[in-house]
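Structural overview for review
So the chains spell out like this:
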Amino acid sequence: RPTYKGTLLLLRLGFPISIQLCLEAGSFNICAIFMGWLGATALAAHQVMCTVATVAFMLYYGIGAAAAIRIAHYRGLGDLAEIRKTASAAFLMAFIPGMLIVLAVCLFRHSVVSIFTTSPEVSALFISLLPCFLCYQLGDCAQTIYANALRAIERVKAMMLYAFIAYMLISIPCAYIFAFVLDMGAVGIWWSFPFGLSTAAVCYYLQFSRCLRQKNS
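**Points about the packing of aromatic side chains**
- The tally for this structure, following the rule as stated, stands at 15 aromatic pairs.
- Measuring from ring centre to ring centre gives 4.6 Å for Phe28 and Phe193, while their planes differ by 35 degrees; the resulting arrangement is tilted. With Phe28 in helix H1 (residues 4-38) and Phe193 in helix H8 (residues 185-216), this pair connects stretches of sequence that are 165 residues apart.
- Aromatic pair Phe133 and Tyr136: ring centres 6.0 Å apart, planes at 80 degrees, arrangement edge-to-face. Per residue, the accessibility class of Phe133 equals that of Tyr136, and both read buried.
- A network of ring pairs unites the aromatic residues Phe28, Phe133, Tyr136, Trp190 and Phe193 as a single cluster.

Following this line, the structure appears as structure tokens:
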């Protein structure tokens, strides 16, 4: 039977996680609006690229979720060494096959884009976005794995602040500046993603390491 104390605990953990996820998703949605300002071709290429990028992200998130279960288990046992090993193993398990997927997309880019569109303009723009897609994989993988690791050890409050900094203060302003001030267009919007995702990844990793050091001291 649900208890008042248990409900509060779920809210204490769930609310920061929901805010962090909203900020991350919100930054991509705002960038989609920016793409709409650039026209139908940019928006179409953006949608195709987002669909393709989801394949790698789902791999990262699945392994991150599995790692969260193992890390929570070792947290209950108080085994900090295994917590570290699990997080590191999860990162490598996600990043290596994720990069293979991305490299396959880059190698067979014409075949991939032909699944979605026959427009030469959309296809050309999709191909021009591939370097951005390739460059943000390290940050995307790391932020996904270590966000799940922080959830597993119940250290989620700081993630809200880090997500706000990474996505609202870095990713979105960079997207606007690159696309409209520097006149880089759709490519500029996608070049903002490595900045935001890498910032989140570094912050989550440092927070995770700090929490483990505190438990060890």
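**Some thoughts on helix H2 (residues 40-77)**
- The terminal C-alpha atoms of H2 lie 54 Å apart, and with 38 residues this matches the ideal 56 Å at 1.5 Å per residue to within 8%.
- The principal kink in H2, of about 30 degrees, is found at Val55.
- Immediately beyond the C-terminal end of H2, within one or two residues, lies Gly78, with a positive phi of roughly 75 degrees.

**A look at the nonpolar core**
- Ranked by internal contacts, the top residues of the largest apolar core, which has 68 residues, are Phe133, Trp190, Tyr204 and Phe208.
- Listed by contribution, the elements that provide at least two residues to this core are H1, H2, helix H3 (80-107), helix H4 (109-116), helix H5 (120-135), helix H6 (137-152), helix H7 (157-181) and H8.
- Among the elements that take part in this core, H2 stands out by supplying 13 residues, more than any other.
- Those residues in contact with Phe133 that lie beyond four places of it in its chain are Met49, Val52, Ala53, Val102, Val105 and Trp190.

**Quick notes on the environment of Cys135**
- Assignment of secondary structure puts Cys135 in helix H5.
- Along the backbone, Cys135 and Ser123 are twelve residues apart, and their C-alpha atoms lie at a distance of 20 Å.
- Contacts of Cys135, omitting those with residues within four sequence positions, involve Trp191 and Pro194.

The rules behind these values
Residues numbered from 1 in each chain as written. Predicted model: local features only at pLDDT ≥ 70, side-chain atom pairs only at ≥ 80, totals over all residues. Heavy atoms only, no water. Phe/Tyr/Trp six-rings, centres within 6.5 Å; stacked < 30°, edge-to-face > 60°. Helix = DSSP H or I, 4+ residues; strand = E, 2+ residues; numbered from the N terminus. Buried < 20%, exposed > 50% of the residue type's maximum accessible area, 1.4 Å probe, protein only. Expected span 1.5 Å × (residues − 1). Bend = angle between axes of the 7 residues up to and from the residue. Core = buried A, V, L, I, M, F, W, Y, C linked by side-chain atoms within 4.5 Å. Contact = heavy atoms within 4.5 Å.

Purely geometric numbers; function is a separate question.
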